[in-house]
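Structural overview for review
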Amino acid sequence: MNKVILMGRLTRDPEVRYTAGENALAIARYTLAVDRRFRRDGEATADFISCVVFGRGAEFAEKYFHQGIRIVVSGRIQTGSYTNREGQKVYTTEVVVEEQEFAESKSASDNYMASHPQQSAAPAPSMPAPGAASADGFMNIPDGIDEELPFN
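Residues numbered from 1 in each chain as written. Predicted model: local features only at pLDDT ≥ 70, side-chain atom pairs only at ≥ 80, totals over all residues. Heavy atoms only, no water.

**Description of the packing of aromatic side chains**
- For the structure on display, the rule yields 5 aromatic pairs.
- Aromatic side chains phenylalanine 60 and phenylalanine 65 sit 5.5 Å apart centroid to centroid with 85° between the ring planes, which places their arrangement in the edge-to-face category.
- Take phenylalanine 60: its relative accessible area is 29%, and that puts it in the partly exposed class.
- Accessibility expressed as a relative area gives 3% for phenylalanine 65, which makes it buried. (Phe/Tyr/Trp six-rings, centres within 6.5 Å; stacked < 30°, edge-to-face > 60°. Buried < 20%, exposed > 50% of the residue type's maximum accessible area, 1.4 Å probe, protein only.)

**Considering the confidence of the model for the chain**
- Here the chain shows a mean pLDDT of 81. Residues at 70 or above account for 75%.
- Note on residues 120-133: pLDDT is under 50 here. Beyond four places in sequence and across chains, it has 20 contacts. (pLDDT = per-residue confidence, 0-100. Contact = heavy atoms within 4.5 Å.)

**Quick notes on the nonpolar core**
- Tyr30, Leu32 and Ile71 are the most contacted members of the largest nonpolar core, which has 18 residues in total.
- Counting residues per element, the ones that place at least two in this core are β1 (4-10), β3 (26-35), β4 (46-54), α1 (56-64), β5 (70-83) and β6 (89-102).
- In terms of residues, this core owes the most to one element, β3, which gives 5 residues.
- Ignoring anything within four residues of it in the chain, the contact list for tyrosine 30 reads Leu10, Pro14, Ile49, Ser50, Cys51, Val53, Ala61, Phe65, Ile71, Val73, Val97 and Gln100. (Core = buried A, V, L, I, M, F, W, Y, C linked by side-chain atoms within 4.5 Å. Helix = DSSP H or I, 4+ residues; strand = E, 2+ residues; numbered from the N terminus.)

**Digging into the pattern of salt bridges**
- Per the counting criterion, the structure on display carries 5 salt bridges.
- Here lysine 3 ties to glutamate 98 by a salt bridge, and the two come within 3.7 Å at their closest N and O atoms. Here lysine 3, found in the segment before β1, pairs with glutamate 98, found in strand β6; they are 95 residues apart in sequence, far enough to count as distant.
- For lysine 3, a relative accessible area of 45% gives the class partly exposed.
- On the basis of relative accessibility, which here comes to 48%, the residue glutamate 98 falls in the partly exposed class.
- Residues arginine 29 and glutamate 94 are paired through a salt bridge, measuring 2.7 Å at the closest nitrogen-oxygen approach. Pair noted here: arginine 29 is in strand β3 and glutamate 94 is in strand β6, with a separation of 65 residues, a long-range link.
- Of the residues examined, glutamate 94 reaches a relative accessible area of 17% and is grouped as buried. (Salt bridge = Lys/Arg side-chain N within 4 Å of Asp/Glu carboxyl O.)

**Let's talk about the side chain of glutamine 100**
- Inspection of the secondary structure assignment puts glutamine 100 in strand β6.
- At 2.7 Å, the side chain of glutamine 100 and the side chain of tyrosine 30 are in polar contact.
- Within the structure, glutamine 100 has its side chain in polar contact with the backbone oxygen of glycine 57 (distance 2.7 Å).
- In this view, glutamine 100 contacts Tyr30, Val53, Gly57, Phe60, Ala61, Phe65, Val72 and Val73; residues no more than four positions away in its chain are not counted. (Polar contact = N/O pair within 3.5 Å; in protein donor to acceptor, adjacent residues only side chain to side chain.)

**Regarding the pairing of β3**
- Where burial is concerned, most of β3 is hidden: 7 out of the 10 residues are buried.
- Bridge count for β1 against β3 is 2 bridges, and the pairing is antiparallel. In the sheet register, arginine 9 faces β3, and the bridge partner there is alanine 33.
- Pairing of strand β2 (residues 15-18) with β3 involves 4 bridges; the strand directions are antiparallel. Among the inter-strand pairings, glutamate 15 is bridged to a residue of β3, identified as arginine 29.
- Sheet topology note: the β3/β4 ladder contains 9 bridges and is antiparallel. (Pairing = 2+ DSSP bridges.)

Set out below in structure tokens:
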């Protein structure tokens, strides 16, 4: 069985590309910084895991994920290789994401970014007024409402 579950923070905004042709497919790539459970000499350490997601998941990542947010992904490990321009064989390992979701509230993510200014987040996309339906038909939820919810 090839199954992996990771929780970490995005090291930068996802890089999204679309395949050519009539039925263009979105492909998003991002790197997760996953904290290690054990610290070396009292220092926090992390592994940097390359992830790729296809289709609607890639479109979701493009729209909602940005540098510094904490997410959980599950998928499978995929290895491969290619020959670079210098003729050297390069080996790759990445997680092909099957499921992805937020691991913390927007306010917790904003608090993390405020306390880590060296990780400047990309500006938030402009949103319609709270309560107004967006282009995809879903109502936009105003910032800060998660404090009022009984299940956050």
